[in-house]
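Topology and contacts: notes
Each chain, letter by letter, is given below.
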Amino acid sequence: MPPTPSSTAHPEQPAPRVSVEFFPPKTEEGARQILKTAQALQAHGIAFASITYGAGGSTRERTIEYGELLQQLFHYRVVPHLTCVGHTRDELAGITDRLANTGFTGIMALRGDPPRGETEFRASENGLAHASELVALIRKRHGGRFTIGVAGYPGKHPEAPTEAEDMKWLAHKVAQGADFITTQLFFDNAAYFPFASRCRAAGITIPIIPGILPITSLEQALKFCHTCGAALPAALGRRLTECGTDAVAAHTAGIEWACAQVRELLARGVPGFHLYILNRARPALELLRQVGLPRPPGNTP
Ligand code: FAD
């Protein structure tokens, strides 16, 4: 499921592997949207589709429900996310059993964020404190049944005191049995390359999939930077500001920016990328078209 580490953007090499992230819908309109988007992207050679896990309540059930639908209706290889938040170890074990019985072959193993209004993550009673423990649980219980993905943070995770400390725990998480890393979104490739180099220097050899968000407005970019700690490059901020209230211009600028990121990543040998699509097909389709993916039949070896 994760990209092979050796491919490049050259025509004679395997095509870059593109994955996408969905979130489970909360409303009927949202339900129509995710299915419409899944259908629109279906023919575009998506390597796998991940689907996020909410902070609690019924949305969590919908991760599995919509994960199954994406598999059954559109034949995606689906990687459901799972977090430690609010679960005991036994509950997490039960959920992984259910995911196995439902036919999923991948899990994105995460710790999760502290509940709204709290700044510090606290493990549930009899729960898990770190994503690495969830990776270990899945490996111990299911052997090689699942391909396991984990999160990585170019720069560092916002709670980590230093990059070095965060890298130490990332390496530990990988050592528990992760198969690939998907990064937090970033708007500046200058954050990705040193992170990937530090991963390799720390002995991490699994694929590191860069997470790209084709943004469509300044407000959206600022919101994501605030929630996930990514930096907004001054040049991107300026371009979006210049767009003012022109939504079409902002959309175009955001896609162009993401395309430039992707082109550089592929040109420098990164084997694939993960698109945060926010359940919308259009930005992803435009990006794929502009960067020439998937390649027309005949170009693929
Ligand atoms: P961890 O790997 O446990 O790391 C969290 C912090 O603890 C880091 O600062 C790390 O350095 C430190 N740490 C790790 N292990 C140890 C240890 N043993 N001792 C001391 N410190 C340690 N959130 C959701 O709620 N649902 C989702 O579906 C979701 N999907 C995501 C997908 C991706 C690709 C990414 C990048 C993030 C996603 N998140 C999701 C957000 C994620 O849950 C948060 O970023 C969360 O704060 C950290 O999760 P983690 O799995 O990286 O945690």
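Quick caveat: nothing in here was measured; it's all calculated off a predicted structure. (Residues numbered from 1 in each chain as written. Predicted model: local features only at pLDDT ≥ 70, side-chain atom pairs only at ≥ 80, totals over all residues. Heavy atoms only, no water.)

It is worth spelling out the site of the ligand at this point. Within the structure, the ligand sits among 22 residues, and Y53, D113, Y153, D166 and K173 are positioned closest to it. In this structure, H130 approaches the ligand through a side-chain N or O atom, which is 3.4 Å from a nitrogen atom. In the model, an oxygen atom of the ligand is placed 2.8 Å from a nitrogen or oxygen of the H157 side chain. Relative to its unbound accessible surface of 980 Å², the ligand loses 86% to contact with the protein. Elements that contribute at least two residues to the shell around the ligand include exactly β3 (78-83), β4 (106-110), α5 (163-175) and β6 (180-185). The biggest single contributor to the shell around the ligand is α5, with 3 residues. (Near = heavy atom within 4 Å. Polar contact = N/O pair within 3.5 Å; in protein donor to acceptor, adjacent residues only side chain to side chain. Areas by Shrake-Rupley, 256 points an atom, 1.4 Å probe, with all protein chains shown as cover. Helix = DSSP H or I, 4+ residues; strand = E, 2+ residues; numbered from the N terminus.)

A positive phi angle, close to 60 degrees, is found at H75, a residue other than glycine. Exposure remark for H75: the relative accessible area of 65% places this residue in the exposed category. Unusually for a residue other than glycine, N126 sits at a positive phi of about 60 degrees. Here N126 is to be found in the loop between β4 and α4 (131-142). (Buried < 20%, exposed > 50% of the residue type's maximum accessible area, 1.4 Å probe, protein only.)

Before going further, it helps to examine the pattern of salt bridges. Throughout the structure, instances matching the rule amount to 10 salt bridges. In this structure, the salt-bridge partner of R32 is E29, at a minimum N-O distance of 3.3 Å. A residue pair is termed a helical-turn pair when its members lie 3 or 4 positions apart in one helix, as R32 and E29 do in helix α1 (residues 28-41) at 3 residues. For E29, a relative accessible area of 45% corresponds to the partly exposed category. E256 serves as the salt-bridge partner of R239, at 2.6 Å between the closest nitrogen and oxygen. Here the residue R239 occupies a position in helix α8 (residues 234-243), and E256 occupies one in helix α9 (residues 247-267), the gap between them amounting to 17 residues. Since its relative accessible area comes to 29%, R239 is described here as partly exposed. Residue class for E256 comes out partly exposed when judged on its relative accessible area of 36%. (Salt bridge = Lys/Arg side-chain N within 4 Å of Asp/Glu carboxyl O.)

Of note, K223 is situated in helix α7 (residues 218-228). Taking the relative accessible area as the measure of exposure, K223 reaches 55% and is therefore exposed. C-alpha of K223 to C-alpha of R198: the two residues are 25 residues apart in sequence and 28 Å apart in space.

Read around the closed barrel, 8 strands run β1-β2-β3-β4-β5-β6-β7-β8, paired in parallel fashion. Looking at each pair of strands side by side, their axes are set apart by 30 degrees on average, direction ignored. Bridge count for strand β5 (residues 147-152) against β6 is 4 bridges, and the pairing is parallel. Following the sheet pairing, A151 is matched in β6 by T182. The strands that helix α2 (residues 58-74) touches are β1 (17-22), β2 (46-51) and β3; relative to β3, the one it contacts most, it runs at about 170 degrees. Against the sheet, α5 contacts β5 and β6, and its axis sits at roughly 175 degrees relative to β5. (Pairing = 2+ DSSP bridges. Axes fitted to C-alpha atoms, helices over the stretch in contact; angles between N-to-C directions. Contact = heavy atoms within 4.5 Å.)

This part is about helix α6 (residues 189-201). The terminal C-alpha atoms of α6 lie 19 Å apart, and with 13 residues this matches the ideal 18 Å at 1.5 Å per residue to within 8%. Burial in α6 covers these residues: N189, Y192, F193, F195, A196 and C199. When α6 is viewed along its axis, its buried side chains cluster within an angular range of 165 degrees and face the same direction. Opposite the buried face of α6, by more than 90 degrees, sit the exposed residues A190 and A201. (Expected span 1.5 Å × (residues − 1). Arc of directions from axis to C-beta.)

This part takes up α9. In an α-helix, one turn spans 3.6 residues, which is why side chains three or four residues apart end up on the same side. Look at α9: 30 Å from first C-alpha to last across 21 residues, which is about the 30 Å you get at 1.5 Å a residue. Elements that come into contact with the buried residues of α9 comprise α6, β7 (208-212), α8, β8 (272-276) and α10 (282-290). You can read the cap of α9 off the contacts: a side-chain oxygen lies 3.2 Å from the backbone nitrogen of V248, and it is on D246. Downstream of α9 by a residue or two, G269 has a phi angle that is positive, lying close to 90 degrees.

On to the confidence of the model for the protein chain. Per-residue pLDDT for the protein chain averages 92, and the proportion of residues at 70 or more is 93%. Low pLDDT (under 50) marks residues 1-11, which in the prediction has 33 contacts with non-local residues, meaning those over four places away or in another chain. (pLDDT = per-residue confidence, 0-100.)

Turning our eyes to something else, we now look at the nonpolar core. Grouped together as the largest cluster of nonpolar side chains are 68 residues, with contacts concentrated most on F22, Y76, F273, L275 and L287. Here this core gets 6 residues from one element, more than from any other, and that element is α9. Apart from the residues lying within four places of it in its own chain, the contact partners of L275 are V18, S19, V20, E21, I212, P214, A284 and L287. Grouped together as the second largest cluster of nonpolar side chains are 16 residues, L213, C225, C228 and A230 included. (Core = buried A, V, L, I, M, F, W, Y, C linked by side-chain atoms within 4.5 Å.)

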